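Examining the three-dimensional arrangement
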Amino acid sequence: MPPRPHGSRRSPSEDGTRRAAGRPRQSVDLPSQHSALSANASLHHCRAHASHFTRPVTNHEDACTDRLVRQIEFIAECDKLKEVFRQTLNTQSRRAENDAEHSWHLCLCVIILAEHANTPQLNVLRILKMVIIHDLVEIDAGDTFGYDTVRQVDQHARECLAADRIFGLLPTDQGHEFRMLWDEFEAQQSPEAKFALAVDRFQPVLLNCRTAGSSWQRHGVTHDRVIARNSKIAEGSSALWNQVEKMLQDLVAQGALAPGPRL
């Protein structure tokens, strides 16, 4: 390029050419239609990939949730057993025992005393299930005192209705199992049912003997009636019944249990 005369000015195009020549040219890529389509395709792929891990809830999971809800509802309903009070007194506080305490004490008796059952090698778990659920019906039916002959007339009918409702809260398979166990206890045919009844009768006798015959004295129950009601203990454990007879004789000797009418 020939020398520029003194005082002349560069044209804008010339000045731009010189600046461009002095540094690398920077290009700006504008989004093309092809790149926009490519981005949309990638987004669609990501969404499809994510949906692979977001698994829809299955019918099986719904059934499991419903089962758990029913089981929890049953457990909550059974808390009411703590509000059902019996005629026997606790040995320390001398307040009325409640059904939940009674059920727990029966379970302890089964574990400790199973070796004294008339039938060896009993199914202890089955007996534990029987005694822990047997009095649940009293949430609706209430406790029936063992010497209340009036309320005993319709006791079984009331308790059957209660069993239908309470065990019906459970999933079908568990409700059926619990009802079968309850009926087995009531029928008193199996060795397990007989031993379950033995401890069920033994436990209130024990509490009465340790509280000076408190509930028997309050209701005027005499020795002969105690014998008549509790002699079934022998069908589950003759050893336990022999011990009960001695305990009752001691209570009579102490004057805490009336001997009954003389014949």
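Now for a quick tour of the structure. (Residues numbered from 1 in each chain as written. Predicted model: local features only at pLDDT ≥ 70, side-chain atom pairs only at ≥ 80, totals over all residues. Heavy atoms only, no water.)

1. Comments concerning the state of the cysteines
Counted under the stated rule, the structure contains zero disulfides. Lacking any disulfide linkage, Cys 109 is separated from the closest cysteine sulfur, that of Cys 107, by 9.2 Å. The exposure class of Cys 109 is buried, given its relative accessible area of 8%. (Disulfide = S-S within 2.5 Å. Buried < 20%, exposed > 50% of the residue type's maximum accessible area, 1.4 Å probe, protein only.)

2. Some details on the pattern of salt bridges
Under the criterion given, the structure shown has 15 salt bridges. Across the pair Glu 101 and Arg 95 runs a salt bridge, and its minimum N-O distance is 2.4 Å. Between Arg 165 and Asp 140 there is a salt bridge, with the nearest N and O atoms lying 2.7 Å from each other. Taken together, the residues Arg 165 in helix H7 (residues 155-167) and Asp 140 in helix H6 (residues 138-141) connect sequence positions 25 residues apart. (Salt bridge = Lys/Arg side-chain N within 4 Å of Asp/Glu carboxyl O. Helix = DSSP H or I, 4+ residues; strand = E, 2+ residues; numbered from the N terminus.)

3. Re the packing of aromatic side chains
Taken as a whole and assessed by the stated rule, the structure comprises three aromatic pairs. Where Phe 167 meets Phe 178, the ring centres are 6.1 Å apart and the plane angle is 90°; that geometry is what we call edge-to-face. Within this pair, whereas Phe 167 is found in helix H7, its partner Phe 178 is found in helix H8 (residues 172-187), the two being separated by 11 residues in sequence. Residue classification places Phe 178 among the buried positions, given a relative accessible area of 17%. Aromatic ring contacts, followed pair by pair, group Phe 74, Phe 167 and Phe 178 into a single cluster. (Phe/Tyr/Trp six-rings, centres within 6.5 Å; stacked < 30°, edge-to-face > 60°.)

4. Remarks on unusual backbone geometry
In this model, Gln 188 sits at a positive phi of 55°, which is unusual for a non-glycine residue. Overall, Gln 188 belongs to the buried group, its relative accessible area being 18%. A positive phi angle, near 60°, is found at Ala 212, a position not held by glycine.

5. Observations concerning the pairing of strand S1 (residues 85-89)
Two strands pair when backbone bridges link them, and S1 and strand S2 (residues 96-98) are joined in this way by two bridges, in the antiparallel orientation. When the sheet's bridge partners are listed, Phe 85 is paired in S2 with Asn 98. Following S1, the chain reverses through six residues before pairing antiparallel with S2; Arg 94 in that reversal takes a positive phi of roughly 60°. (Pairing = 2+ DSSP bridges.)

6. Brief notes about helix H13 (residues 238-253)
Its 16 residues place the ends of H13 23 Å apart at the C-alpha level, agreeing with the 22 Å of an ideal helix rising 1.5 Å per residue. Taken residue by residue, H13 has Leu 240, Trp 241, Val 244, Met 247, Leu 248 and Leu 251 as its buried positions. Looking straight down H13, one finds that the buried residues subtend no more than 120° of arc, so they occupy a single side. For H13, the exposed residues set more than 90 degrees away from the buried face come down to Gln 249 and Ala 253. For H13, the elements touching its buried residues are helix H4 (99-113), helix H9 (191-209), helix H10 (214-218), helix H11 (223-230) and helix H12 (233-236). Looking one or two residues beyond H13, the residue adopting positive phi is Gly 255, at roughly 80°. (Expected span 1.5 Å × (residues − 1). Arc of directions from axis to C-beta. Contact = heavy atoms within 4.5 Å.)

7. Regarding the packing of H7 against H8
Between H7 and H8, the shortest axis-to-axis distance is 9 Å and the interhelical angle comes to 160°. Viewed along their axes, H7 and H8 adopt a mutual orientation that is roughly antiparallel. For the pair H7 and H8, the sense of crossing is right-handed. Between H7 and H8, the residues in contact are His 156, Glu 159, Cys 160, Ala 163, Asp 164 and Phe 167 and Gly 175, Phe 178, Arg 179, Trp 182 and Glu 186, respectively. Grouping the amino acids of the contact of H7 with H8 by side-chain chemistry returns five nonpolar, two polar and four charged. (Axes fitted to C-alpha atoms, helices over the stretch in contact; angles between N-to-C directions. Parallel < 35°, antiparallel > 145°, perpendicular 65-115°, else oblique. Left-handed = near helix turned anticlockwise from the far one by under 90°. Nonpolar A, V, L, I, M, F, W, Y, C, P; charged D, E, K, R; others polar.)

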